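# Summary of structural features
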Amino acid sequence: MNRAFRARASVTGKAAPRPVRFGRTAAFLAAFSGLLILAACRHAARTGPSDNGWEKVPAILSRIRPPVFPERTFNIAAFGAAGDGLT
C-alpha cells in the first residue's frame, strides 16, 4: 500500500481508499470492445450484402414528384429590402 494512503488512514481513522486499477479496467474494456466488433463483423458476413436495394429504385423514383410553386409575385421592397447591394 502506498505511504500516502497509510498516513491518511491513520490520521482519519478510516480505511484507506483502494488505488484505481486502471490497467485491468482498460484491458477488460479493450477485450470486450474487440469481442463486440468481431461479433458484428461475423453477423455482417453471414447476412451478406443486400441485393434488394437496386430492385426497389424504379418504384421509389415513380413516387417522387417535382415541387409545385404557386405563380405569385412579391415586392420585396415592401418587406424592407433595399437595392443598395449591401443588405
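Residues numbered from 1 in each chain as written. Predicted model: local features only at pLDDT ≥ 70, side-chain atom pairs only at ≥ 80, totals over all residues. Heavy atoms only, no water.

### Quick look at the overall build of the protein chain
In terms of helices and strands, the protein chain carries 4 helices and 0 strands. Along the protein chain, helices (α) and strands (β) appear in the sequence α-α-α-α when read from the amino end. With an accessible surface of roughly 8700 Å², the protein chain has 64% of that area assigned to carbon and sulfur atoms. (Helix = DSSP H or I, 4+ residues; strand = E, 2+ residues; numbered from the N terminus. Areas by Shrake-Rupley, 256 points an atom, 1.4 Å probe, with all protein chains shown as cover.)

### Points about the confidence of the model for the protein chain
Mean pLDDT for the protein chain: 78, with 66% of residues reaching 70 or above. No element of the protein chain has a lower mean pLDDT than helix 1 (residues 3–12), which averages 56, and none a higher one than helix 4 (residues 57–63), which averages 94. (pLDDT = per-residue confidence, 0-100.)

### Observations regarding the packing of aromatic side chains
Applying the stated criterion across every chain yields a total of 1 aromatic pair. Here F28 and F32 contribute two aromatic rings whose centre-to-centre distance is 6.1 Å and whose plane-to-plane angle is 15°, an arrangement assigned as stacked. With F28 and F32 both in helix 2 (residues 22–47), this residue pair falls 4 residues apart, about one helical turn. The exposure class of F28 is exposed, given its relative accessible area of 55%. Residue F32 is classed as partly exposed on the basis of its relative accessible area, which comes to 44%. (Phe/Tyr/Trp six-rings, centres within 6.5 Å; stacked < 30°, edge-to-face > 60°. Buried < 20%, exposed > 50% of the residue type's maximum accessible area, 1.4 Å probe, protein only.)

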